[in-house]
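Listed below, chain by chain, are the residues.
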Amino acid sequence: MAIHIQMSEEAESQLKRASLRNKLSAILSCLLFLLLGGAILAFAVIYIAKPQQASFVSYKPKKKANAKTTRKQVSEENAVQEEASASEPTTPMLVSNSPNAVPMPIAATAMDMGEGISADAGLGEGLGAGDLGDGLGGGGDGLGSKDGGGSTLEGTFYDLKKKKSGAASGLKAGAENQNAVIEALAKFFTNWNEAELNKYYKSETKLYASSWYLPVAYAKYGPIAFEVGDPKKPESQWECQPAAWLAVYRGKVIAPKTGTFRFIGTGDDFLAVRFDRKTVLDAGYRLPTRWDKANPRAAWVSGAGDGDNFRRDIASGKDKDRKDYKFITGIPGCQIWDGELGGLIAGKPFKVTEGDSYPIEIAISEIPGGKFGFVLFIEDITEGANNKGKQYDLFRTCDTNPDPAKVMQALKDAGCHCGEYKIPFNEDAWVWESVPMD
């Protein structure tokens, strides 16, 4: 006989209420657990693993002192900026050539100038030690430094006396052979075609320069700087003899302001500047850019006779390629160039827009051998610019300047010193920051 047990209505009601309470309690516990877990996660993300925001650094050249902004004001502003950044890490920063760059730590590198230009010879600073200015790596003075990077132009050394293979090219040093060297250079300077130079011997060492300032030296400085000559050995044992050579610096620069400018300078034997794919300055004792096989002496523009004809052609407008050129004399330290060349040459005016980049090439050459030197200024000739009574601006791609005294001492140490010609310059020049070539 089966026994049936049936729950009372009251008991069944209490059981249902208890079951509902248990379900609600379980749901509430889950919600509280999720909220607590979310709070812990948020705390960890916000206060423990807070992401570091990327800091972008934009390079701005130092203000150029003028009638409204004195050098003292510039120094005070720089001091304020330095104080504001004093709490920042002092890890060396790698600054890109782009207008905006993320700072990145870099490892310190030792500068080695080779046996010919050793640190104990005093050449580290005078012949191109890298110098970190306010964010732009400097390429030093003279022909530059082995330190790449920073705001510099890259220089390549070509020995015209030797083929790419190292065999003799047929071109030789000496005044009696200079016309053949000038003619070879003229083929390159017709359109600055690098292919014309690639058939000649190139040094393995590249130099990086941010200013071009070497008032006087001996021509052997070129091979020594590019490590194809060693002052500790006789010149007959050098890889490249100190004549019939060419150094070309290439890169792009950013205009620091909108306006009209012109380069001013000269070289022994030759200095030329190509800006935005146009030759805007060629100056010196011999101008391959004026080569005429029917009249070789047209390229000779120094001293009496040839030099007089050259200056007369410019003054009369007969030399149409140089109708805007002007001769500038009386700059202290330039007496030798005043007497032999009629002064420094101011080249063709050119216009730029602030922030835009322009390709630039600077060529320096020694033809027969002997003495050697160069200087390159730049002048703002924008309408309304006040240039009266001031020293000329060195053309520079970083915010450091060469020290003439150190340059002279370094030349003495290398056996390349050839006189005390310390040309003064304006130390508040615009900075034409360099960027990589396309």
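On a predicted model such as this, the values are computed, not experimentally measured, just so you know. (Residues numbered from 1 in each chain as written. Predicted model: local features only at pLDDT ≥ 70, side-chain atom pairs only at ≥ 80, totals over all residues. Heavy atoms only, no water.)

Caption draft 1: View of the packing of aromatic side chains. If you walk through the whole model with that rule in mind, you get 22 aromatic pairs. An angle of 70 degrees between the planes, with centres 5.4 Å apart, marks the rings of Tyr213 and Phe425 as edge-to-face. Taken together, the positions of Tyr213 in strand E10 (residues 213-218) and Phe425 in the loop between helix H8 (404-414) and strand E21 (434-435) put the pair 212 residues apart, joining distant regions of the chain. Both residues of the pair, Tyr213 and Phe425, count as buried. Following the ring pairs from residue to residue traces out a cluster consisting of Trp212, Tyr249, Phe261, Phe263, Phe275, Phe350, Tyr358, Phe395 and Trp432. For the cation-ring pair, Lys162 lies above Tyr201, with the distance from its terminal atom to the ring centre recorded as 4.3 Å. Between Arg286 and the ring centre of Trp300, over which it is positioned, the NZ or CZ distance is 4.3 Å. (Phe/Tyr/Trp six-rings, centres within 6.5 Å; stacked < 30°, edge-to-face > 60°. Helix = DSSP H or I, 4+ residues; strand = E, 2+ residues; numbered from the N terminus. Buried < 20%, exposed > 50% of the residue type's maximum accessible area, 1.4 Å probe, protein only. Lys NZ or Arg CZ within 6 Å of the ring centre and 35° of its normal.)

Caption draft 2: Main features of the nonpolar core. In this structure, Trp212, Tyr249, Phe263, Phe275, Ile362 and Phe395 are the most contacted members of the largest nonpolar core, which totals 76 residues. At seven residues, helix H4 (residues 178-189) tops the list of elements feeding residues into this core. Non-local contacts of Trp212, meaning those with residues more than four positions away in its chain, are made with Gly142, Leu153, Tyr249, Ile362, Ile364, Phe374, Val375, Leu376, Leu394 and Phe395. Core analysis: the next-biggest nonpolar cluster, separate from the first, contains 16 residues, Ile264, Trp337, Ala346 and Val375 among them. (Core = buried A, V, L, I, M, F, W, Y, C linked by side-chain atoms within 4.5 Å. Contact = heavy atoms within 4.5 Å.)

Caption draft 3: Layout of the environment of Ala346. With respect to the helices and strands, Ala346 occurs in strand E16 (residues 344-346). Classification of Ala346 by relative accessible area gives buried; the value is 0%. In this structure, the C-alpha to C-alpha distance between Ala346 and Lys326, residues 20 residues apart in sequence, is 5.1 Å. Those residues within four positions of Ala346 in sequence are excluded, and the remaining contacts are Arg262, Phe263, Ile264, Leu281, Asp324, Tyr325, Lys326 and Ile328.

Caption draft 4: The side chain of Arg322, seen in detail. Assignment of secondary structure puts Arg322 in the loop between helix H6 (306-316) and strand E15 (326-328). A relative accessible area of 4% places Arg322 in the buried class. Polar side-chain contacts of Arg322 include one of 2.6 Å to the side chain of Asp282. Once residues within four sequence positions are removed from consideration, Arg322 is found in contact with Asp282, Leu287, Thr289, Arg290, Phe310 and Ile314. (Polar contact = N/O pair within 3.5 Å; in protein donor to acceptor, adjacent residues only side chain to side chain.)

Caption draft 5: Representation of H6 in the model. Those residues of H6 that sit buried are Asp306, Gly307, Phe310, Asp313 and Ile314. Summarising the axial view, the buried residues of H6 lie within an arc of 125 degrees, below the 170-degree limit, and thus occupy one face. Counted as exposed and oriented over 90 degrees from the buried face of H6: Ala315 and Ser316. Packing partners of the buried residues in H6 comprise E15 and E16. After H6 finishes, the residue Gly317 shows a positive phi value of roughly 85 degrees. (Arc of directions from axis to C-beta.)

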